[in-house]
Amino acid sequence: MSKRDSQKSHFRRRVFERYGITINEGEYDYLVSQIKKRTAQVTFLYKQSNRVSIHKIIYKQLSLVVVYDKLRKSLITALPQDCVEVANIHNFVLEFEDS
């Protein structure tokens, strides 16, 4: 199993564990494409490293906070729902600092 396959499997388990939804192959590819295209459903929150970034995605009427690996073009994990508020605060602080 490749690193990308391991990340995908981990992501799908965490989405089910933390949000109660099952993500199939097509839905996974759709979420990745939404991040790559930077659609209206995706909010960039912050960059963790040169290859890893945190995003909020509106999907099935839920706000998913996800970790994206741009090198492998894969979703690494889904953070817990309470991270949505923390991520929003972090994003606000970053925007405030840029002002």
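The residue numbers shown here count from 1 along each chain, following its written sequence. Since the coordinates come from a predicted model, pLDDT governs what is reported: local features require at least 70, and pairs of side-chain atoms require 80 or more to be given and counted, while whole-chain, interface and lining totals use all residues. Just so you know, side-chain values use all the structure's heavy atoms and leave hydrogens and water out.

### Observations concerning the packing of aromatic side chains
Inclusion rule: Here is the rule: rings of Phe, Tyr and Trp (six-membered ring for Trp) pair when centre to centre is within 6.5 Å. Planes less than 30 degrees apart are stacked, more than 60 are edge-to-face, and the remainder are tilted. Under the scheme used here, helices are H or I runs from DSSP no shorter than 4 residues and strands are E runs no shorter than 2 residues, and both carry numbers assigned from the N terminus. Categorising residues by exposure relies on relative accessible area from a 1.4 Å probe, with only protein chains included: less than 20% of the type maximum marks a residue as buried, more than 50% marks it as exposed, and the intermediate range marks it as partly exposed.
Under the criterion given, the structure shown has two aromatic pairs. Aromatic side chains Tyr30 and Tyr59 sit 6.1 Å apart centroid to centroid with 40° between the ring planes, which places their arrangement in the tilted category. Placement of Tyr30 in helix α2 (residues 25–37) and of Tyr59 in strand β2 (residues 52–59) is noted, with a sequence separation of 29 residues between them. For Tyr59, a relative accessible area of 11% puts it in the buried group.

### Remarks on the pattern of salt bridges
What counts, and what does not: Whenever Lys or Arg places a side-chain nitrogen within 4 Å of a carboxyl oxygen from Asp or Glu, that contact is recorded as a salt bridge.
Summed over all chains, the structure comprises seven salt bridges. A salt bridge links Arg14 to Glu17; its shortest N-O distance comes to 2.8 Å. With Arg14 and Glu17 both in helix α1 (residues 3–19), this residue pair falls three residues apart, about one helical turn. Via salt bridges that share partners, Lys8, Arg12 and Glu25 belong to a single interconnected network.

### Describing the sheet that holds strand β1 (residues 42–47)
Convention followed: In this description, strands pair whenever DSSP reports at least two bridges between them. Where helices are involved, their axes are fitted lines through C-alpha atoms of the stretch in contact, as for all axes, and angles between N-to-C directions lie from 0 to 180°. What makes two residues a contact is simply this: any of their non-hydrogen atoms within 4.5 Å.
Strand order in the open sheet made by the four strands is β1-β2-β3-β4, with antiparallel pairing throughout. The open sheet is flanked by β1 and β4 (74–79), the only strands paired with a single partner. Each strand axis lies, on average, 30° off the axis of its neighbour in the sheet, ignoring direction. Summarising the sheet, β1 and β2 pair through five bridges and their orientation is antiparallel. Pairing of Thr43 across the sheet is with Lys56, part of β2. Running at roughly 25° to β4, α1 makes contact with β3 (62–69) and β4 of the sheet.

### Points about the nonpolar core
Inside soluble globular proteins, nonpolar side chains tend to come together where they are buried. Rule in force here: Here, nonpolar core refers to any group of buried Ala, Val, Leu, Ile, Met, Phe, Trp, Tyr and Cys residues whose side-chain atoms link them within 4.5 Å.
Counting residues in each nonpolar core, the largest one holds 23 residues, and the members touching the most others are Phe11 and Leu75. Of all the elements in the fold, those that place two or more residues in this core are α1, α2, β1, β2, β3 and β4. Per-element accounting of this core gives the leading share, five residues, to β3. Excluding residues that lie within four positions of it along the chain, Leu75 makes contacts with Gln7, Lys8, Phe11, Tyr28, Leu31, Val32, Ile35, Val66, Val67 and Tyr68.

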